[in-house]
Amino acid sequence: MENKTLNNQEITRKEAIQKIGNYSKYAALTALGTYLILNPLKAQASSPEAPGIGF
Amino acid sequence: MKKITTLYKIIEDKTFAWFKDNNEYLVLENTTADVLKKLQDGKSVQQIAIVLSKKLNVPLDKTIELVLELDKKFFKKNTSKNSELDNNHKDIKRPENFEFIKYYKVNNSVFKVSYLNEKELSFVHPKFAHLVIEGLTAFHNEFEVFIDQNLIFLYVNNIFIGSWGNKDIHYFQGKFSMEFIQKIHQKEESEWLGVFHASAISNGKKAMLFLGDSGNGKSTSLALLQANGFTCLADDFVPVDADKQEIYSFPAAISIKKNSLKTLLPIYPELETSAEYNFVRLNKIVRYLKPNNNDFFAHLPCDGLVFIKYTKDAELSCTEISKIDAFKQLVPDSWLSPKKENAQLFLDWFSKLNCYQLSYSNNEKMIETITKLFKNEL
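As the structure is a prediction and not an experimental result, all values here were calculated from the model.

1. A look at the interface of chain B and chain A
Where the parts come together, the accessible area they lose is often given as the size of the interface.
Piece 1. Counting residues at the interface gives 58 residues for chain B, matched by 28 residues for chain A.
Piece 2. Carbon and sulfur atoms make up 64% of the area that chain B and chain A hide from each other, which totals about 3800 Å².
Piece 3. Looking at the side of chain B facing chain A, the largest losses of area belong to H170(B), Y171(B) and W335(B), adding up to 13% of the total buried there.
Piece 4. Here chain B is connected to chain A by zero salt bridges.
Piece 5. Taken together, chain B and chain A are joined by ten residue pairs in polar contact (both at pLDDT 80 or more).
Piece 6. Sort the elements by how many residues they give to the side of chain B that touches chain A and helix α5 (residues 169-185) of chain B lands first, with seven residues.
Piece 7. Class assignment for the residues of the side of chain B that touches chain A results in 29 nonpolar, 16 polar and 13 charged.
Piece 8. Relative to strand β3 (residues 24-29) of chain B, strand β1 (residues 36-38) of chain A runs antiparallel, the two being bridged by three bridges.

2. Focus: the packing of aromatic side chains
Residue and element names in this part refer to chain B.
Piece 1. Evaluated as defined, the whole model comprises 35 aromatic pairs over all chains.
Piece 2. Residues Y155 and F160 carry aromatic rings whose centres are separated by 5.6 Å and whose planes lie at 70° to one another, so their mutual orientation is edge-to-face.
Piece 3. Judged by its relative accessible area of 4%, Y155 is buried.
Piece 4. An aromatic cluster of three or more residues is present, and its members are Y104, F111, F128, F143, W164, F172, F176, F180, F237 and F250.

3. A few points about the sheet that holds strand β7 (residues 151-156) of chain B
Residue and element names in this part refer to chain B.
Piece 1. Overall, mixed pairing links the five strands, which are arranged β4-β5-β6-β7-β8 in an open sheet. The open sheet has two edge strands with one neighbour each: β4 (100-106) and β8 (159-165). Strand-to-strand twist in this sheet, taken as the mean axis angle between neighbours without regard to direction, amounts to 20°.
Piece 2. Of the strand pairs in this sheet, β7 and β8 are connected by six bridges, and their pairing is antiparallel. Across the sheet, L154 pairs through a bridge with G162, a residue of β8.
Piece 3. Helix α4 (residues 118-128) rests against β4, β5 (109-115), β6 (141-148) and β7 of the sheet, and its axis sits at about 20° to β4.
Piece 4. Against the sheet, α5 contacts β4, β5, β6, β7 and β8, and its axis sits at roughly 5° relative to β7.

Parameters at a glance
- Residues numbered from 1 in each chain as written.
- Chains lettered and ligands numbered in written order.
- Predicted model: local features only at pLDDT ≥ 70, side-chain atom pairs only at ≥ 80, totals over all residues.
- Heavy atoms only, no water.
- Contact = heavy atoms within 4.5 Å.
- Buried area = accessible area lost by both parts, 1.4 Å probe.
- Salt bridge = Lys/Arg side-chain N within 4 Å of Asp/Glu carboxyl O.
- Polar contact = N/O pair within 3.5 Å; in protein donor to acceptor, adjacent residues only side chain to side chain.
- Helix = DSSP H or I, 4+ residues; strand = E, 2+ residues; numbered from the N terminus.
- Nonpolar A, V, L, I, M, F, W, Y, C, P; charged D, E, K, R; others polar.
- Pairing = 2+ DSSP bridges.
- Phe/Tyr/Trp six-rings, centres within 6.5 Å; stacked < 30°, edge-to-face > 60°.
- Buried < 20%, exposed > 50% of the residue type's maximum accessible area, 1.4 Å probe, protein only.
- Axes fitted to C-alpha atoms, helices over the stretch in contact; angles between N-to-C directions.

Function-wise, these values are silent; they only describe arrangement.
Next comes the structure, spelled out in structure tokens:
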């Protein structure tokens, strides 16, 4: 039963390339929606380990 | 048209963008930046998505989805400003008597700094103790530091600058340093491009910034390099001006951690005794090393950024890294001016910098490599 399931999932080389092709198309789209957001510090700061933490 | 102020600059193969509203930087694909620009110009989502669909050869519904998502993310933000705690403490009663009064001389300016108690003193004084002059009463600028009701207050020349809670001491210290540098160079905050959490060294003609997480040897390297012909321009707080985008010297001492003492004591025997502050209540052992720079007017162009990483037993390696990698590490740890003109100058300045990653364990080799970097011999 298990084998049968596996066999069913096999695809031909041609089909695989087609699938990858489609996937890579969307990968380009995904890349466009991927970005880095960087926020500078809100104010000037010294190292947190500078003398005295809290009071 | 969307009334949002932005800047775009292509660096390497990406677009670096800046949004004025929240002083935010983005690194995106150039095509994504084009979509944002078109949205800003008032082009419809449909129009943009059609062009994108053809360009990428993907179904229109997919590109519509993307454009809508970008529009929502960057142009339909909830603009309600978070109600910043407006510290309304301007009427607080300022103390009349301060336990400690110190006079610091920087170039030809004398700063009178009054600290209410030892605790206030401990937050600032150790870094500037080497600038103290005794027996003076004439001064050019007056700073007052006192704690009242769990807040630390800073007044400069009788003007309220701010107050900070006990978890924000590093912001108080940063502001103190910012006020200090403004007074030293007679430049307002808006005339600075940014302040970098780095060490700055120079060979007298140009400077480089050393960056890296705490514990990676920034300050130790700086101490070693200043004993090998280089000048320490600044440690921990490195200001860069907007006008010429040069690194300015800052007169604070170099903080030396306990585990660096073994390396540094043979070169700096004064560390044995000099700067271990007895702030008993804080139970803190910190030693400070005087910078070898005497000209606190000095400012020099920046030749590059060096991200340093100390790894035990590591072979030395120094490689150029991408601007994107450098930007990722630089921005979250820096204060960058929120002014549009300065943000543009910052992007232009950054795009021209050489960025390196230096991993090391052997100090001699590190010094040799930095010397070569300064001579462009790597």
